[in-house]
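Summary of the model geometry
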Amino acid sequence: MGKARNNIAATVRRVLRKRPRLVWYAVACGFALAVVLAVVRGCGGGAPKLTAIPPPTEEEKGDVLVTGYCSCGECCGWRRSWLGLGPAVYTYGPMKGRRKKVGVTARGTVAKHGTVAADPKVFPFGTRLKIPGYGMGVVEDVGGAINGRHIDVWFASHEEARLWGRRNLKVVPLP
Ligand SMILES: [Zn+2]
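Rules used throughout
- Residues numbered from 1 in each chain as written.
- Predicted model: local features only at pLDDT ≥ 70, side-chain atom pairs only at ≥ 80, totals over all residues.
- Helix = DSSP H or I, 4+ residues; strand = E, 2+ residues; numbered from the N terminus.
- Buried ≥ 20, exposed ≤ 12 C-beta atoms within 10 Å, placed from the backbone.
- Contact = placed C-beta atoms within 7 Å.
- Pairing = 2+ DSSP bridges.
- Axes fitted to C-alpha atoms, helices over the stretch in contact; angles between N-to-C directions.
- Core = buried A, V, L, I, M, F, W, Y, C linked by C-beta atoms within 7 Å.

**A look at the overall build of the chain**
A count of helical and extended segments in the chain gives 5 helices and 9 strands. For the chain, the sequential pattern of α-helices and β-strands runs α-α-β-α-β-α-β-β-β-β-β-α-β-β. Among the 175 residues that make up the chain, the fraction classed as buried is 18%. When contacts within the chain are restricted to residue pairs at least 6 apart in sequence, those whose partners lie at least 24 apart make up 62%.

This is the structure in structure tokens:
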């Protein structure tokens, strides 16, 4: 073992003596890989400004469970294939292993503030909802765990979705 390692070390030293530029190639490749990883995984770019949404008043409380979600893999059940470098694929459910368009709703629209995931049997696609503390929403998405009188409202970051928590609210569908 030790001998083999010495041989490898000696070979590396010999190569480096002959071709010192290889060191710079290695450094450049490492840097390029780091940049690619940062871009692919989304490097955060500083914490978003979080606006604390106050808890509901007595009048705002109701019988619809409202949870928060974002477009991340944890919230939307996807992960990147090929050791985290490849395209996004579903992690569970009937679409498991199939390609997933990140940030795109079941209706094919781009998820943004106001996007709501619901059970289409309770709130059909396109239904406009007034959600206390959140604002206006439109049903454009579905979720594996979103059934009955439970809706999921979209936030730009996982932290905001987490801060929203679980609220039982009076959700009013608008004509
Ligand atoms: Zn999330």
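**As for the environment of T105**
By secondary structure assignment, the location of T105 is in the loop between β3 (88-90) and β4 (115-117). Between the C-alpha atom of T105 and that of G143, which follows or precedes it by 38 residues, the distance is 9.9 Å. When neighbours within four sequence positions are excluded, T105 is seen to be in contact with A111, T115, E140 and D141.

**Let's talk about the pairing of strand β1 (residues 61-69)**
As defined by bridge partners, β1 adjoins strand β8 (residues 166-169) across 5 bridges and the pair is classed as antiparallel. The residue bridging V66 from the neighbouring strand is R167, located in β8. For β1 and strand β7 (residues 150-154), the ladder comprises 5 bridges, and the chain directions are parallel. Within β7, the position partnered with L65 by the bridge is H150.

**With respect to the pairing of strand β5 (residues 128-131)**
Burial along β5 is one-sided: L129 and I131 are buried, and none of R128 and K130, which face the opposite way, are. For β5 and strand β6 (residues 135-141), the ladder comprises 4 bridges, and the chain directions are antiparallel. Looking across to β6, one finds that K130 is bridged to M136. Counted between consecutive antiparallel strands, the loop separating β5 from β6 contains 3 residues, among which G133 sits at a positive phi close to 90 degrees. Across 3 bridges, β5 lies against strand β9 (residues 172-174) in antiparallel orientation. Within β9, the position partnered with L129 by the bridge is P173.

**A look at the sheet that holds β7**
Across the sheet, which stays open at both edges, the 7 strands sit in the order β8-β1-β7-β4-β6-β5-β9 with mixed pairing between neighbours. Strands at the two margins of the open sheet, each flanked by one partner only, are β8 and β9. Across the sheet, the axes of successive neighbouring strands diverge by a mean angle of 40 degrees, strand direction being ignored.

**Some remarks on the nonpolar core**
If you look at the biggest cluster of nonpolar residues, it comprises 22 residues, and the most contacted ones within it are V116, A118, I131, I151 and V153. At the level of secondary structure, the elements contributing two or more residues to this core comprise β1, β4, β5, β6 and β7. Sorting elements by how many residues they give to this core places β7 first, with 3 residues. Setting aside its immediate chain neighbours within four residues, V116 contacts L129, G137, V138, V139, E140, D141, I151, D152 and V153.

**Thoughts on the environment of W154**
By the element assignment, W154 lies in strand β7. Measuring from C-alpha to C-alpha, the distance between W154 and Y134 comes to 9.5 Å, with 20 residues separating the pair along the chain. With residues near it in sequence (within four places) discarded, W154 still touches Y69, C70, A111, K112, H113 and T115.

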